[in-house]
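Residues per chain, in single letters:
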Amino acid sequence: MKNYAYHIFAPYRVCPLGAHVDHQHGLVSGFAIDKGVDLWFNITEDGSVRLTSHSFTGEVNIRIDDKTRVKEGNWGDYVRGAKYALSKRFVLQHGIEGEITGSLPIGGLSSSAAVLIAYVMAFAKANAITLTKMEVIKIASEAEREYIGLNNGILDQACIALGEQGKLLFLDTATEQYRLIEPGEDLGKYEIAIIFSGLTRSLVNSDYNLRVSECKTAAWCMQAYKEQPIRPLDQTFLRDVPLEMYEETKDRMPARFARRAEHFYSEYRRVRKGVTAWESGNMELFGQLIKQSCESSIHNYECGSPELIAIYTILKNLEGVYGGRFSGAGFKGAVIALVDPAYKKEVEESITREYLAQYPEYKKTFGIYWVHSTDGARFVEA
Ligand code: GLA
């Protein structure tokens, strides 16, 4: 590879508790992990942006000051999306030329947020713009919502930008207040398993956005039943509807919407309990809550492909597995699990054997990877 002046590493994330609630301003938790994307680049004075990818074909060749908002449906959209969101706030004159690569198969680990964060940081560097971590989070997430078209919250970007090795990120996505929490003394050793189903597809084409609308509709129903003012859907969040109101109205709501709300309120409790379990070193309880969270994703939030549900069903009763759940939105990709390192080999063998017996067609693309928490997105010294 050519020599480049700059190198950014943007980690992927895992979210043990607090799934599908960030878009409703809920409580989330997460880690940045030691796999992610690497972007190497030089600054271009003439404003050209030229990038190649080790994972995708073709070259991105655009101008940093180009104002068009056309999506092309390829990996270059993330470059264009980062440029779009940053240029809403700043005048961009200098571009970058470089290469990007990802260290794991794509699906469920928020590779989209990782690449967007890397591009935002790179464009900011090229144009001598200093951003706080929270600004990077907001700009990258705006790129994903407004340009890519996924109506998500800030969970992914927050884990990627704020993560710290060994600590659990606990974030209130309504207030943006967060803590990075050291594990309690008795927590014991654990490793994070990433179990790839072998199935990948884009979230924009999944039911992700539909679920977000269902949550908002649940909030609207509750507010309407109680004769409260309602706001436009894009300003409506379940977090603004108190639990008591949910308890009083849930039986009147169409069952589908009530289930989405049930997931939200129960996940709120699980995240709170989980944070206490983590802080007090109770890995058993932390793991149990993760499993309960996945059950709620399956039954209340109704996501999870059959492949992901199969993996979760296999691992939930395995010895040495504290807990596990779908990673991310659960429509594709991976399952994560917190595992006692003494049982790694057995866990890996059992899942591989049982999953491939059910889904032999994924033999080539299925895989298990072991990862650790790490610090958030950063410039790497040469
Ligand atoms: C995806 C989204 C996140 C979050 C998770 C589910 O990763 O990008 O904003 O909603 O799904 O928790």
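If you're wondering where the values come from, they're calculated on a predicted model, not measured in any experiment.

A short note on the overall build of the protein chain
For step 1, the next point in the chain: A count of helical and extended segments in the protein chain gives 10 helices and 13 strands.
For step 2, the next point in the chain: Summarising its shape, the C-alpha atoms of the protein chain cover approximately 60 × 55 × 45 Å along the three principal directions.
For step 3, the next point in the chain: Counting over 382 residues, the protein chain shows a buried share of 59%.
For step 4, the next point in the chain: Long-range contacts, defined as pairs at least 24 residues apart, comprise 73% of the intrachain contacts of the protein chain with a sequence gap of at least 6.

A closer look at the domain arrangement of the protein chain
Often, the extent of an interface is quoted as the loss of accessible area on bringing the components together.
For step 1, the next point in the chain: Assigned domains within the protein chain: domain 1 (6-181) and domain 2 (191-372).
For step 2, the next point in the chain: Computed from C-alpha coordinates alone, the two centres of domain 1 and domain 2 are separated by 23 Å.
For step 3, the next point in the chain: In this complex, domain 1 contributes 41 residues to the contact, which on the side of domain 2 involves 44 residues.
For step 4, the next point in the chain: A combined buried area of about 3,600 Å² lies between domain 1 and domain 2, and 68% of that area is made up of carbon and sulfur atoms.
For step 5, the next point in the chain: The largest share of the area that domain 1 buries against domain 2 comes from L17, H20 and Q24, three residues that together contribute 21% of it.
For step 6, the next point in the chain: Taken together, domain 1 and domain 2 are joined by two salt bridges.
For step 7, the next point in the chain: Two residues, D172 and R239, come together in a salt bridge whose shortest N-O distance is 2.9 Å.
For step 8, the next point in the chain: The interface formed by domain 1 and domain 2 holds 15 residue pairs in polar contact (both at pLDDT 80 or more) in total.
For step 9, the next point in the chain: Only β1 (6-14), β2 (27-44), β6 (168-172) and β7 (178-181) provide two or more residues apiece to the side of domain 1 that touches domain 2.
For step 10, the next point in the chain: In terms of residue count, the dominant contributor to the side of domain 1 that touches domain 2 is β2 (seven residues).

Some points on the nonpolar core
For step 1, the next point in the chain: Of all hydrophobic cores here, the largest spans 132 residues; its most connected members are Y119, I194, I195 and I351.
For step 2, the next point in the chain: The greatest single-element share of this core, amounting to 13 residues, is contributed by helix α2 (residues 111-126).
For step 3, the next point in the chain: Two domains each put at least three residues into this core: domain 1 (6-181) and domain 2 (191-372).
For step 4, the next point in the chain: Apart from residues no more than four positions distant in its own chain, I195 is found in contact with I311, L315, G333, A334, V335, A337, I351, F366, G367 and I368.

Observations regarding the environment of G287
For step 1, the next point in the chain: Assignment of secondary structure puts G287 in helix α8 (residues 283-299).
For step 2, the next point in the chain: Judged by its relative accessible area of 0%, G287 is buried.
For step 3, the next point in the chain: G287 sits 270 residues away from L17 along the chain, and the two C-alpha atoms are 9.6 Å apart.

Notes on the site of the ligand
For step 1, the next point in the chain: In the neighbourhood of the ligand, the contacting residues comprise R13, A19, H20, D22, H23, N152, G153, L155, D156, Y208, G328 and A329.
For step 2, the next point in the chain: The side chain of R13 places a nitrogen or oxygen atom 2.9 Å from an oxygen atom of the ligand.
For step 3, the next point in the chain: A distance of 2.5 Å is found between an oxygen atom of the ligand and a side-chain nitrogen or oxygen belonging to D22.
For step 4, the next point in the chain: In the complex, 98% of the free accessible area of the ligand, which totals 310 Å², lies under the protein chains.
For step 5, the next point in the chain: Grouping the constituent residues of the shell around the ligand by class yields four nonpolar, five polar and three charged.

Side note on the pattern of salt bridges
For step 1, the next point in the chain: Applying the stated rule across the entire model yields 23 salt bridges.
For step 2, the next point in the chain: Each of R211, E214, R256, R259, R260 and E302 takes part in one network of salt bridges that share partners.

Things to note about the packing of aromatic side chains
For step 1, the next point in the chain: According to the stated counting rule, one finds 15 aromatic pairs in the structure shown.
For step 2, the next point in the chain: Each ring, one from Y84 and one from Y147, has its centre 5.8 Å from the other, and the planes form 40 degrees; the classification is tilted. Of this pair, Y84 sits in helix α1 (residues 76-87) while Y147 is found in helix α3 (residues 133-148), placing the two residues 63 residues apart along the sequence. There is no split in this pair, since Y84 and Y147 are both buried.
For step 3, the next point in the chain: Geometrically, the ring pair formed by Y246 and Y265 is stacked, given 4.8 Å between the ring centres and 15 degrees between the ring planes. Placement of the pair is Y246 in helix α6 (residues 243-249) and Y265 in helix α7 (residues 255-279), with a sequence separation of 19 residues. The burial state of Y246 is the same as that of Y265; both residues are buried.
For step 4, the next point in the chain: Members of the aromatic cluster, each reached through a chain of ring pairs, are F31, Y190, W278 and F286.
For step 5, the next point in the chain: Cation over ring: K125 sits above F379, and NZ or CZ is 5.3 Å from the ring centre.

Regarding the sheet that holds strand β9 (residues 321-326)
For step 1, the next point in the chain: The four strands lie next to each other as β9-β10-β8-β11, forming an open sheet whose pairing is antiparallel. Here the strands that pair on one side only, and so sit at the sheet edges, are β9 and β11 (367-371). Across the sheet, the mean angle separating the axes of adjacent strands is 20 degrees when strand polarity is ignored.
For step 2, the next point in the chain: As judged from the five bridges shared by strand β8 (residues 191-196) and β11, these two strands associate in the antiparallel manner. Along β11, the bridge assignment pairs A193 with W370.
For step 3, the next point in the chain: Along the sheet, α8 makes contact with β9 and β10 (334-339), crossing β9 at roughly 25 degrees.
For step 4, the next point in the chain: Of the strands in this sheet, β8, β9 and β10 are in contact with helix α9 (residues 306-315), which crosses β9 at around 170 degrees.

Here we look at the pairing of β9
For step 1, the next point in the chain: Most of β9 is tucked away, with six of its six residues classed as buried.
For step 2, the next point in the chain: Pairing of β9 with β10 involves five bridges; the strand directions are antiparallel. Paired with V321 across the two strands is V339, which belongs to β10.

Cut-offs applied
- Residues numbered from 1 in each chain as written.
- Predicted model: local features only at pLDDT ≥ 70, side-chain atom pairs only at ≥ 80, totals over all residues.
- Heavy atoms only, no water.
- Helix = DSSP H or I, 4+ residues; strand = E, 2+ residues; numbered from the N terminus.
- Buried < 20%, exposed > 50% of the residue type's maximum accessible area, 1.4 Å probe, protein only.
- Contact = heavy atoms within 4.5 Å.
- Domains from an automatic or database assignment.
- Buried area = accessible area lost by both parts, 1.4 Å probe.
- Salt bridge = Lys/Arg side-chain N within 4 Å of Asp/Glu carboxyl O.
- Polar contact = N/O pair within 3.5 Å; in protein donor to acceptor, adjacent residues only side chain to side chain.
- Core = buried A, V, L, I, M, F, W, Y, C linked by side-chain atoms within 4.5 Å.
- Near = heavy atom within 4 Å.
- Areas by Shrake-Rupley, 256 points an atom, 1.4 Å probe, with all protein chains shown as cover.
- Nonpolar A, V, L, I, M, F, W, Y, C, P; charged D, E, K, R; others polar.
- Phe/Tyr/Trp six-rings, centres within 6.5 Å; stacked < 30°, edge-to-face > 60°.
- Lys NZ or Arg CZ within 6 Å of the ring centre and 35° of its normal.
- Pairing = 2+ DSSP bridges.
- Axes fitted to C-alpha atoms, helices over the stretch in contact; angles between N-to-C directions.

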